[in-house]
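Each chain is listed here by its residues.
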Protein chains: 4
Amino acid sequence: MKIQAGIIGGAGYTGGETIRLLLRHPQVELAFVHSRSNAGKPLYAVHPDLLGDTELHFTDRIEQEADVLFLCLGHGESKRWLDVTSISSSVKIIDLSQDFRLGASIQGRLFTYGLPEINRENIRQAANIANPGCFATAIELGLAPLAAAGLLQEVHTTGITGSTGAGQKLQETTHFSWRTNNISAYKTLNHQHLHEIRRTLTQLQPGYDAPIHFIPWRGDFARGIFISSCTTVEQPLAEVQQLYKDFYAGHPFTHVAEEPIDLKQVVNTNKCLLFLEKEGDQLVVHSVIDNLLKGASGQAVQNMNLMFGLEETAGLQLKSIGF
Amino acid sequence: MKIQAGIIGGAGYTGGETIRLLLRHPQVELAFVHSRSNAGKPLYAVHPDLLGDTELHFTDRIEQEADVLFLCLGHGESKRWLDVTSISSSVKIIDLSQDFRLGASIQGRLFTYGLPEINRENIRQAANIANPGCFATAIELGLAPLAAAGLLQEVHTTGITGSTGAGQKLQETTHFSWRTNNISAYKTLNHQHLHEIRRTLTQLQPGYDAPIHFIPWRGDFARGIFISSCTTVEQPLAEVQQLYKDFYAGHPFTHVAEEPIDLKQVVNTNKCLLFLEKEGDQLVVHSVIDNLLKGASGQAVQNMNLMFGLEETAGLQLKSIGF
Amino acid sequence: MKIQAGIIGGAGYTGGETIRLLLRHPQVELAFVHSRSNAGKPLYAVHPDLLGDTELHFTDRIEQEADVLFLCLGHGESKRWLDVTSISSSVKIIDLSQDFRLGASIQGRLFTYGLPEINRENIRQAANIANPGCFATAIELGLAPLAAAGLLQEVHTTGITGSTGAGQKLQETTHFSWRTNNISAYKTLNHQHLHEIRRTLTQLQPGYDAPIHFIPWRGDFARGIFISSCTTVEQPLAEVQQLYKDFYAGHPFTHVAEEPIDLKQVVNTNKCLLFLEKEGDQLVVHSVIDNLLKGASGQAVQNMNLMFGLEETAGLQLKSIGF
Amino acid sequence: MKIQAGIIGGAGYTGGETIRLLLRHPQVELAFVHSRSNAGKPLYAVHPDLLGDTELHFTDRIEQEADVLFLCLGHGESKRWLDVTSISSSVKIIDLSQDFRLGASIQGRLFTYGLPEINRENIRQAANIANPGCFATAIELGLAPLAAAGLLQEVHTTGITGSTGAGQKLQETTHFSWRTNNISAYKTLNHQHLHEIRRTLTQLQPGYDAPIHFIPWRGDFARGIFISSCTTVEQPLAEVQQLYKDFYAGHPFTHVAEEPIDLKQVVNTNKCLLFLEKEGDQLVVHSVIDNLLKGASGQAVQNMNLMFGLEETAGLQLKSIGF
């Protein structure tokens, strides 16, 4: 029998991506999609690319028989929703917000940080997952092998994100006339993901307390994150490359490239690609992900696969957009 | 002494473009920019590219000593504003809305349709101008020589417009994540500009009553309009080309190209370029303009130049964006 | 046992898309990918998004045991290649070029026009397929129900295509600095796809000989085709809509939408969506496809599915890009 | 009498921009535009946006009576051209290549580094100018005030550039289908502009030898450069801001913004905008320019203005694209 999955907050971008993935997942049945404001409408009324894919409608009721719930709510809303909603303890929860990433618990539920490349065995045992942030995923995957080897020092990182990272709410910074052909910086040196990044890196390299300087930029594209992180490493490049390859050897979505990478290699996939360069003692790690997949809904499904003992890549062997 | 100009509704896109043009116009002083909601703020608080260009602030008062007012208000708002505002009859008015394009008058003010290529002598004598619509400008300039020669028949036209045509209001169809890489149709066969297009063409070719089928598309770029109009013409291409060249001979902004045209040839300029092709008895006229310049603020300044006896191109010899 | 598939000309855009599809097709094994100039290189050296997906290398030899060959060669090259290459008559061929779309045969091979919505039963029996052109697919699907009902009259159609339609060769019209934010027309009224369009429509509506006026535009996006076709139809809109719905009732990829459509609903999918509007006696049919999928490689795989008795949608239930 | 200007290498991007500027410069006459491969063609055959602006044709002869020559040649070609061409010593030269930026001389000509904000008095006296690189301009203007105050330490900088920075040559990295929606890194930590950057900063802060780590990215837009540079500064933000404002007080094109900046504020202008932020002891300086204007042709004209005693802003009060 298929795993019964429900989505809470199915009208937003991560909700839509989770729907798209679960509809095509061979071992999952999308039992219901919850959205208070859209209850009664077909899914394709909100996500019009689903026309022809499904006749499912949004509901405002929670079907308790679900095996797993994906919470695709805004930051702060997951906590509020769990506070007021009675969910059987047998239902697994994968929360895509930042509410539980730093270790908070609610109603006896403990949340495991869902970055499989670092935490796979714990995820397999977990009942509840705090799905990592998009920038956090790209930066952590770029630095984790160094931290695990105890080699991580001060980091300067710059990242650029697609507009879907800002959600579907209408805002001046997502107005097409402003954003097209434009670049801007925001949350300079104080992006909220720095907390989970530091937490993850410190778990890998106990005592790590060097500064991480992160400058995020808004890009003039819809999907994807490109990161370049710079740090000091004495080891030669070949040795560092081997370190990275060994670290990610058994992980199906994260790969160390031999050639320079570009963002579109991963858009519409669940992959993370890394590319390393050295000049003197400075190592630069470039990393790319799709912010809505490996940075959100794709990773959530990857976590579900692990939690339910499925193949880690089930339903996630996605055709890249290519162009 | 310089012409004193005021702008009513200076916070929107056409208001911003009019500011940009008037600030650089050698014979005009931008006396004031009115915006109720932004009164007291520097212009660059709303139009941040003006930083370093001017220290002028928005005002909520009308300076009566202005020689000319540009009304950069929404459709319907120009009429409302003129209804409740007392403006000396010596002040010339150039209205960028559609309120007076079909011949309505207000408080004794009659409005002249401000398409200089067709109406230049009347504009020179006019006290009030109804500035044409952006699609209307591009379509009319593409068809006027045929109509003036009594040759215009049924027309099929498709046009694509940049997002700035939809203004700065936040809307789902101007959300970056939706609009980028996207194309869509709207107001199929019933765009509101069809009224002024028909009126202009009928003035040129009395009795013209063949259908004009216009399909507008939303483009995934910010500025510009590209039009292809198809109609039946028996005359050979060379003859039609000569007709067009003769028609636009004395007009500094509208040119008939010998080679295929593309949108970016005119972006950030006040030009209209035309290119003609024939296959059998079917003539296709391609036309391109910048919707905010020849399609709005640039044409408004061109009209002002004519009304005040200035060189028609004054302040409008703009560097194209090129790329 | 899985169907053994080979690709001839695997380095181009349609070759790449065919690789991406076949790698994920549950009943196909991608046996080899032929490319003379890239022989010996891994596929991801040319299609870098495939990094992590496959270790297959390009070859310059033809493996005769393939069950089906996809010819992803330039126009004219398929014919030349089949002229000089000995292929067992038991090998099925799906040719993505235009070489055989108008009925030419070669070495005893007759080619069936591979538009399943019109020709499905013939495709099921076919040994060789001429895969339709991208613009042709979008225009034919937009007009076929009218033609099948004997209602098609003169047509005016405008279409816009993504840059991938022009292939990977470096050209001035695909230089980023020129194409971004730009629109242009080409092959006005004489696009080469008009031949296959007319042939298909005439097969559906014998004696049809009204003009089809087609104006193609180059768009400033990479993937997709948006078409608006205008024609005269006396029947009321509801009746025409029903006609279209009945015509496409059993076809899994082509759908008649109730709401206005946009290009991104189908990007990265094998779908065609249609939307109908009427004003007076004028019917406008909008249609959207992904030019590389339903307009090329996706339709090729759909044809393969039919030829081999597989589920028509096998390997083609693709997650749309959405954004 | 107007200054007679000639352009050598007028067919490329910087040549085109220099033409666009000089055609509109009130005190300059564009005497000739040299291009061996285009001799005899009208300028608009190569730069089609110039249609209607000028009837000038490319020439393959050098008119010796020019007062100033702009060399818009590729890197290395300026030196070769000057080696084989006899130019009267009374002709001033502004070279846009990198050939003379580090102090090389040729035929007795010494070249002054043409960054007016740092070197204005020398430029006024100069006979020959080495025009700065685009990335170099944006980075140097972002760091110069610190260096002039002796406060500059190690720098981490990331920059993103439009595709026009790569010129008009057809390349895989400027193919539209690849570049649109894409981000990539290149020349990581060893961009060639680092030499002139270090030279400029060392002149301002003698003995400065801390590392400058520069990671350049290719952006998916045509025009502009966005830079974020991070360094350690003990002084409070307000003090640093005042330092920057004082440094640029008399400079008409470079401004310190009070609000976050974005790239499009400067596109199609000769401006550089700066914005400063601090977090702990880390200062981040964001800077934006148009790579073809302040980063190339606009700065070249600014240098010409200074060399000939004109108003520094003459011909450079450009309307921004805005959108």
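On a predicted model such as this, the values are computed, not experimentally measured, just so you know. (Residues numbered from 1 in each chain as written. Chains lettered and ligands numbered in written order. Predicted model: local features only at pLDDT ≥ 70, side-chain atom pairs only at ≥ 80, totals over all residues.)

Visitor: What exactly am I supposed to notice about the overall build of chain A here?
Guide: Regarding its fold elements, chain A presents nine helices and 14 strands. Each principal axis of the C-alpha distribution contributes one length, and for chain A these read about 60 × 45 × 35 Å. Burial statistics for chain A: of 323 residues in total, 61% are counted as buried. A separation threshold of at least 6 residues defines the contact pool for chain A, and within that pool the share at least 24 residues apart is 71%. (Helix = DSSP H or I, 4+ residues; strand = E, 2+ residues; numbered from the N terminus. Buried ≥ 20, exposed ≤ 12 C-beta atoms within 10 Å, placed from the backbone. Contact = placed C-beta atoms within 7 Å.)

Visitor: Would you mind showing me how to read the relation of the copies chain A and chain C here?
Guide: Two chain copies here: they are related by a rotation about an axis and a translation along the same axis. For the pair chain A and chain C, the relating rotation is 180 degrees, the translation along its axis is 0.0 Å, and the fit reaches an RMSD of 0.0 Å. Such values leave the two copies arranged in the relation of a two-fold axis. Judged by C-alpha distance, Ile 321 of chain A is the residue of chain A that lies nearest the rotation axis, at 3.5 Å. Most of the interface of chain A is mirrored in chain C: 100% of its interface residues are interface residues there too. (Least-squares fit on C-alpha atoms with pLDDT ≥ 70 in both.)

Visitor: Sorry, what's going on with the sheet that holds strand β14 (residues 282-289) of chain D here?
Guide: Two orientations exist for strands paired in a sheet by backbone hydrogen bonds: parallel and antiparallel. All names here are of chain D. What the seven strands build is an open sheet, ordered β9-β10-β8-β11-β14-β13-β12; its pairing is mixed. The outermost strands of the open sheet, each flanked by one partner alone, are β9 (184-185) and β12 (254-256). Pairing geometry for β9 and strand β10 (residues 212-218), over two bridges, is antiparallel. Pairing of Ser 184 across the sheet is with Arg 218, part of β10. (Pairing = 2+ DSSP bridges.)

Visitor: Would you take a moment to explain the environment of Arg 61 of chain A for this structure?
Guide: Turning to its location among the elements, Arg 61 of chain A is positioned in the loop between β3 (58-59) and β4 (68-71). In this structure the C-alpha to C-alpha distance between Arg 61 of chain A and Phe 32 of chain A, which are 29 residues apart in sequence, comes to 8.8 Å.

Visitor: Got a minute to help me understand the relation of the copies chain C and chain B in this structure?
Guide: The transformation that overlays chain C on chain B combines an axial shift of 0.0 Å with a rotation of 180 degrees, and the residual RMSD is 0.0 Å. Of the residues that chain C buries at the interface, 100% are likewise interface residues in chain B, meaning the two copies contact each other through the same surface.

Visitor: What should I look at first to understand the interface of chain C and chain B in this one?
Guide: One frequent convention defines the size of an interface as the accessible area lost when the parts assemble. Each partner contributes to the interface: chain C provides 30 residues, whereas chain B provides 30 residues. When contributions to the side of chain C that touches chain B are tallied by element, the ones reaching two or more residues are β8 (155-161), β9 (184-185), β10 (212-218), β11 (225-232), β13 (272-279) and β14 (282-289) of chain C. Looking at side-chain class alone, the side of chain C that touches chain B contains twelve nonpolar, 13 polar and five charged residues. (Nonpolar A, V, L, I, M, F, W, Y, C, P; charged D, E, K, R; others polar.)

Visitor: Can you walk me through the pairing of β4 of chain A in this structure?
Guide: Every other side chain in a regular strand lies on the same face of the sheet, so the side chains alternate between the two faces. Residues and elements named next belong to chain A. The alternating pattern of β4 places Val 68 and Phe 70 on one face and Leu 69 and Leu 71 on the opposite face, and all of these are buried. Relative to β4, strand β1 (residues 3-8) runs parallel, the two sharing four bridges. If you follow Ala 5 over to β4, its bridge partner there is Val 68. Bridge count for β4 against strand β5 (residues 92-95) is four bridges, and the pairing is parallel. Pairing of Leu 69 across the sheet is with Ile 93, part of β5.

Visitor: Honestly, the interface of chain A and chain C in this entry has me stumped. Any pointers?
Guide: Listed per partner, the contact involves 26 residues of chain A and 26 residues of chain C. Among the elements that make up the side of chain A that touches chain C, the one with the highest residue count is helix α1 (residues 13-23) of chain A (four residues). Of the residues contributing to the side of chain A that touches chain C, the split by class is nine nonpolar, nine polar and eight charged.

Visitor: What is the right way to look at the pairing of β1 of chain A in this model?
Guide: All names here are of chain A. When you tally the buried positions in β1, you get five out of six residues, the bulk of the element. Relative to strand β2 (residues 28-34), β1 runs parallel, the two sharing six bridges. Across the sheet, Ala 5 pairs through a bridge with Leu 30, a residue of β2. What joins β1 to β2 is α1, and the crossover it makes is right-handed. (Right-handed = clockwise from strand over helix to strand, strands pointing away.)

Visitor: What am I meant to see in the nonpolar core here?
Guide: Most often, soluble globular proteins keep nonpolar side chains buried together rather than apart. Counting residues in each nonpolar core, the largest one holds 404 residues, and the members touching the most others are Phe 70 of chain A, Phe 70 of chain B, Phe 70 of chain C together with Phe 70 of chain D. Excluding residues that lie within four positions of it along the chain, Phe 70 of chain D makes contacts with Ala 5, Ile 7, Ile 8, Thr 18, Ile 94, Leu 96 and Ala 300 of chain D. (Core = buried A, V, L, I, M, F, W, Y, C linked by C-beta atoms within 7 Å.)

Visitor: Honestly, the sheet that holds strand β12 (residues 254-256) of chain C in this entry has me stumped. Any pointers?
Guide: Residues and elements named next belong to chain C. Read across the sheet, seven strands follow the order β9-β10-β8-β11-β14-β13-β12 without closing on themselves; strand pairing throughout is mixed. Looking along the sheet, the strands with just one partner apiece sit at the ends: β9 and β12. Strands in contact with helix α5 (residues 134-148) are β8, β10, β11, β12, β13 and β14; relative to β11, the strand with the most contacts, it is inclined by about 40 degrees. (Axes fitted to C-alpha atoms, helices over the stretch in contact; angles between N-to-C directions.)

Visitor: Can you walk me through helix α5 (residues 134-148) of chain A in this structure?
Guide: Residues lying three or four places apart along an α-helix face the same way, a consequence of the helix completing one turn every 3.6 residues. Residues and elements named next belong to chain A. Spanning 15 residues, α5 covers 21 Å between terminal C-alpha atoms, matching the ideal 21 Å at 1.5 Å per step. With respect to burial, α5 is a largely interior element, 14 of its 15 residues being buried. Phi turns positive one or two residues past the end of α5, at Gly 150, with a value near 70 degrees. (Expected span 1.5 Å × (residues − 1).)

Visitor: Got a minute to help me understand the domain arrangement of chain A in this structure?
Guide: Residues and elements named next belong to chain A. One can read the domain layout of chain A as domain 1 (3-131 + 296-307) and domain 2 (134-289). A straight line from the C-alpha centre of domain 1 to that of domain 2 covers 25 Å. In this complex, domain 1 contributes 13 residues to the contact, which on the side of domain 2 involves 18 residues. Only α4 (116-125) and α9 (297-307) provide two or more residues apiece to the side of domain 1 that touches domain 2. Take the side of domain 1 that touches domain 2: its biggest share by element is three residues, from α9. Tallied by class, residues from the side of domain 1 that touches domain 2 come to six nonpolar, five polar and two charged. (Domains from an automatic or database assignment.)

Visitor: Honestly, the packing of helix α4 (residues 116-125) of chain D against helix α9 (residues 297-307) of chain D in this entry has me stumped. Any pointers?
Guide: Packed helices, taken two at a time, are described by their axes: the angle between them and the distance between them. All names here are of chain D. Closest axis-to-axis distance for the α4/α9 pair is 9 Å, and the angle between their directions is 40 degrees. Looking at the two axes, α4 sits oblique to α9. Considering only the axes of α4 and α9, their crossing is right-handed. Each of Pro 116, Arg 120, Ile 123 and Arg 124 in α4 lies in contact with α9, whose residues at this interface are Gln 302, Asn 303, Leu 306 and Met 307. Of the residues that constitute the contact of α4 with α9, the class distribution is four nonpolar, two polar and two charged. (Parallel < 35°, antiparallel > 145°, perpendicular 65-115°, else oblique. Left-handed = near helix turned anticlockwise from the far one by under 90°.)

Visitor: Looking at this model, I keep getting lost on helix α3 (residues 77-84) of chain B. Mind explaining?
Guide: Residue and element names in this part refer to chain B. Buried within α3 we find Ser 78, Trp 81 and Leu 82. Within α3, the buried residues cover an arc of 95 degrees as seen down the axis, which keeps them to one side. Exposed residues on α3 whose side chains face more than 90 degrees from its buried face are Arg 80, Asp 83 and Val 84. Looking at the buried residues of α3, the elements they touch are β1 (3-8), β4 (68-71) and β5 (92-95). (Arc of directions from axis to C-beta.)

Visitor: Whenever I open this one, the environment of Asn 303 of chain A confuses me. Can you help?
Guide: Residues and elements named next belong to chain A. Locating Asn 303 in the fold gives a position in helix α9. C-beta crowding within 10 Å serves as the criterion here: with 29 such atoms nearby, Asn 303 is assigned to the buried category. When the C-alpha atoms of Asn 303 and Thr 254 are compared, they prove to be 15 Å apart, with 49 residues separating the residues in sequence. When neighbours within four sequence positions are excluded, Asn 303 is seen to be in contact with Ile 94, Gly 114, Pro 116, Ile 123, Ile 129 and Asn 131.

Visitor: How should unusual backbone geometry be read in this particular structure?
Guide: Where the residue is not glycine, phi is negative for most of them; where a peptide bond is considered, it is trans in most cases. Look at Asn 268 of chain A: it is not a glycine, yet its phi comes out positive at around 70 degrees. In this fold, Asn 268 of chain A is placed in the loop between β12 (254-256) and β13 (272-279).

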